[in-house]
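For reference, the chains in residue letters:
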Amino acid sequence: MKSPDIPGRCKQRADTLVQTALTDGEAWIQRCGHPPADPARQDRWRAAARVVAAYRELHSITATDPLGPMPSTDRQRIDYQRALRAVRATRALTSVRDAALLAPEATGHQLTGR
């Protein structure tokens, strides 16, 4: 019997969540900025966006903020920190023309590191 490719399935699911969010113009993905045009940077952006999408799905986050409300459990706080680093990575890879999306009033409290 062939064993299931769990990591591959998780990546595929996260890819689908990111693509759906981009296609539908969901607020949380917009706050991560637009995927860069450069293929290498876009690959890194999408990898980070997958982490955020997986966090949102795992913890049933439906808020417009990428990370939703502050976590209440230790386990979620660990995941939250990983997702926060991923949001910051997407933003670091985002072009300058997207700076308005990243203004403090558009980011929510989670992305300030509090």
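Just so it is clear, the structure is predicted and the values come from calculations on it, not from any experiment.

## Considerations on the nonpolar core
One finds Val18, Trp28, Ile29, Trp45, Val52, Tyr55 and Leu67 to be the most contacted residues of the largest nonpolar core, which totals 19 residues. Of all the secondary structure elements, the ones that give two or more residues to this core are helix H1 (6–24), helix H2 (27–30), helix H3 (39–58) and helix H4 (74–92). Per-element tally for this core: the top contributor is H3, with six residues. The residues touching Val52, leaving out its near neighbours within four places in the chain, are Trp28, Pro66, Leu67, Ala83, Ala86 and Val87.

## Here's the deal with H3
Spanning 20 residues, H3 covers 28 Å between terminal C-alpha atoms, matching the ideal 28 Å at 1.5 Å per step. Packing partners of the buried residues in H3 comprise H1, H2 and H4. Two residues or fewer after H3 comes Ser60, characterised by a positive phi angle close to 55°.

## Here's the deal with the pattern of salt bridges
Applying the stated criterion to the full structure yields six salt bridges. For the salt bridge of Arg13 with Glu57, the shortest nitrogen-to-oxygen distance reads 2.6 Å. One end of the pair, Arg13, is in helix H1; the other, Glu57, is in helix H3, and 44 residues separate them in sequence. Two residues, Arg75 and Asp79, come together in a salt bridge whose shortest N-O distance is 2.9 Å. Placement of both Arg75 and Asp79 in helix H4 is noted, with a separation of four residues, approximately one turn of the helix. Residues participating in the shared-partner salt-bridge network are Lys11, Asp15 and Arg50.

Calculation rules
Residues numbered from 1 in each chain as written. Predicted model: local features only at pLDDT ≥ 70, side-chain atom pairs only at ≥ 80, totals over all residues. Heavy atoms only, no water. Core = buried A, V, L, I, M, F, W, Y, C linked by side-chain atoms within 4.5 Å. Buried < 20%, exposed > 50% of the residue type's maximum accessible area, 1.4 Å probe, protein only. Helix = DSSP H or I, 4+ residues; strand = E, 2+ residues; numbered from the N terminus. Contact = heavy atoms within 4.5 Å. Expected span 1.5 Å × (residues − 1). Salt bridge = Lys/Arg side-chain N within 4 Å of Asp/Glu carboxyl O.

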